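# Structure at a glance
Spelled out, the chains give:
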Amino acid sequence: MNFTIDENGYYGHYGGAYIPEILRTNIVALKQQFLALRDDPDFNAAYDRLLRDYVGRPSPLYYAPRLSERYGATIYLKREDLNHTGSHKINNTIGQVLLARHMGKRHILAETGAGQHGVATATVAALMEMQCTVFMGETDIARQQPNVEKMRLLGATVVPVTSGSKTLKDAANEAIRYWIHYPADTHYVIGSVIGPDPYPDMVAHFQSVISSEIRQQLLSEEGVACPHAVIACVGGGSNAAGAFYHFLEEEQVQLIGVEAAGKGVDSGHTAATIATGSAGVIHGSKTLLMQDSDGQIKEPYSISAGLDYPGIGPLHAHLHETGRASFLQATDEEALQAAFLLMRMEGIIPAIESAHALAALEKLSFSNTGPVVVCLSGRGDKDMDAYIRAAPASFKNHQL
Ligand SMILES: *Cc1c(COP(=O)(O)O)cnc(C)c1O
């Protein structure tokens, strides 16, 4: 099986570049630059240096003793939560803004849901002296206030988006609309493995540092480069793509993505795209998406702003179709329980997105066949309000 894109930007049936003609020149130039620089020693030296000295990589691969005992498996957490700005998003942002600087761009655009991608972009824009505009849905602005304040302090302009469900999908729509007006001097930093070719491949490339580190770290800890399984939450799918990347060809490694079921897969309030979606075009690529029988996009719902998206990257649609990866769903409530468990058992407050990946541990059974790696995509500072609101009821239900 083949898990790399073909010359037209497709993973199997999914991907491509469905874009307005006015953006064609930009997308072609971006693809040429990316392909020229991805193996350029000077570019990679600059990228690697920033990952090391600015982001703090390699992020630890932490053996979680109490979780391991509870689930009867050897569980490691890949600590992307310890990166500068608090999630995996900065791996991609640094790569893309470096690329934009090479292309002579002066202005950076981004969409954001949880605000993690917005903060990472505003951070790197400040570092590299670029103007920065971030589109964010009003619903997300209300539930992720600390990240909004951070972006403003870092010098970014945050533009509230009032269309649709006022969340991530709508923010991406507005960012694309703005880009159409100012294509020449602007680079749009997409924050996940979504969007038109070359974005899915480019973002996966910049996030692949996650699995390349996991291999090295497992080799020195366990004497094997490959785990039994890798588990990651899936919004658009960038932390999952990065965590899966260097294991795609190792067919003995189980790849498990976890989607946000919201109030339940069949509740009508969900963001579980693989479980409820069908093929269509969203934000410039052909992929699976949540749509009604007229092809209208269904409004997604999840407690987690970072997973509240009605599509999924074309790589994951292909991994699902080929059976190379399996996809599970976790509800809001299951994610909250998993987050509280991690707090009490390992002393780590995870992002509510990452807690969906942890919730999968309750649904799987491992017969100690080898290490299991869970990608802890981010930290929970931004989710304190949701945790405080849910804590009393949840603690009552839980014997720790
Ligand atoms: C944005 C975000 C996600 C979801 O995005 P992916 O592209 O699916 O990785 C997951 N976790 C955290 C902490 C995030 O900020």
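The rules behind these values
Residues numbered from 1 in each chain as written. Predicted model: local features only at pLDDT ≥ 70, side-chain atom pairs only at ≥ 80, totals over all residues. Heavy atoms only, no water. Helix = DSSP H or I, 4+ residues; strand = E, 2+ residues; numbered from the N terminus. Rg over C-alpha atoms; globule rule 2.2 N^0.38 Å. Buried < 20%, exposed > 50% of the residue type's maximum accessible area, 1.4 Å probe, protein only. Contact = heavy atoms within 4.5 Å. Areas by Shrake-Rupley, 256 points an atom, 1.4 Å probe, with all protein chains shown as cover. Lys, Arg positive; Asp, Glu negative; His and termini not counted. Charge placed at Lys NZ, Arg CZ, Asp CG, Glu CD. Domains from an automatic or database assignment. Buried area = accessible area lost by both parts, 1.4 Å probe. Salt bridge = Lys/Arg side-chain N within 4 Å of Asp/Glu carboxyl O. Polar contact = N/O pair within 3.5 Å; in protein donor to acceptor, adjacent residues only side chain to side chain. Nonpolar A, V, L, I, M, F, W, Y, C, P; charged D, E, K, R; others polar. Pairing = 2+ DSSP bridges. Axes fitted to C-alpha atoms, helices over the stretch in contact; angles between N-to-C directions.

### Focus on the overall build of the protein chain
If you tally the helices and strands in the protein chain, you get 16 helices and 14 strands. Against the globule reference of 21 Å for 400 residues, the protein chain gives a C-alpha radius of gyration of 19 Å, in line with a compact fold. Seen through its C-alpha atoms, the protein chain measures out along the principal axes to roughly 55 × 45 × 45 Å. For the protein chain, the proportion of its 400 residues judged to be buried stands at 60%. By sequence separation, contacts in the protein chain at least 24 residues apart represent 74% of the contacts at least 6 residues apart. For the protein chain, the exposed area adds up to about 15200 Å²; of that, 51% sits on carbon and sulfur atoms. When the 31 basic and 43 acidic side-chain charges of the protein chain are each reduced to a single mean position, those positions are 4 Å apart.

### As for the domain arrangement of the protein chain
On domain assignment, one finds that the protein chain holds domain 1 (17-50 + 89-196) and domain 2 (56-86 + 203-395). Placing the centre of domain 1 and that of domain 2 at their C-alpha centroids yields a distance of 22 Å. Looking only at domain 1, the three residues that lose the most surface to domain 2 are Asn91, Lys169 and Val193, adding up to 22% of its buried area. Glutamate 299 is the partner of lysine 169 in a salt bridge, and the nearest nitrogen-oxygen pair spans 3.2 Å. Where domain 1 packs against domain 2, one counts 15 residue pairs in polar contact (both at pLDDT 80 or more). The element best represented in the side of domain 1 that touches domain 2 is helix H4 (residues 89-102), accounting for six residues. Split into classes, the residues belonging to the side of domain 1 that touches domain 2 amount to 16 nonpolar, 16 polar and five charged.

### A look at the sheet that holds strand E6 (residues 131-137)
Spatial ordering of the open sheet is given by E7-E6-E5-E8, a layout of four strands whose pairing is parallel. The sheet is open, and its two borders are formed by strand E7 (157-161) and strand E8 (186-188), each paired with just one other strand. Sheet twist, expressed as the mean angle between neighbouring strand axes with direction ignored, is 20°. Where strand E5 (residues 107-112) and E8 come together, three bridges link them in parallel fashion.

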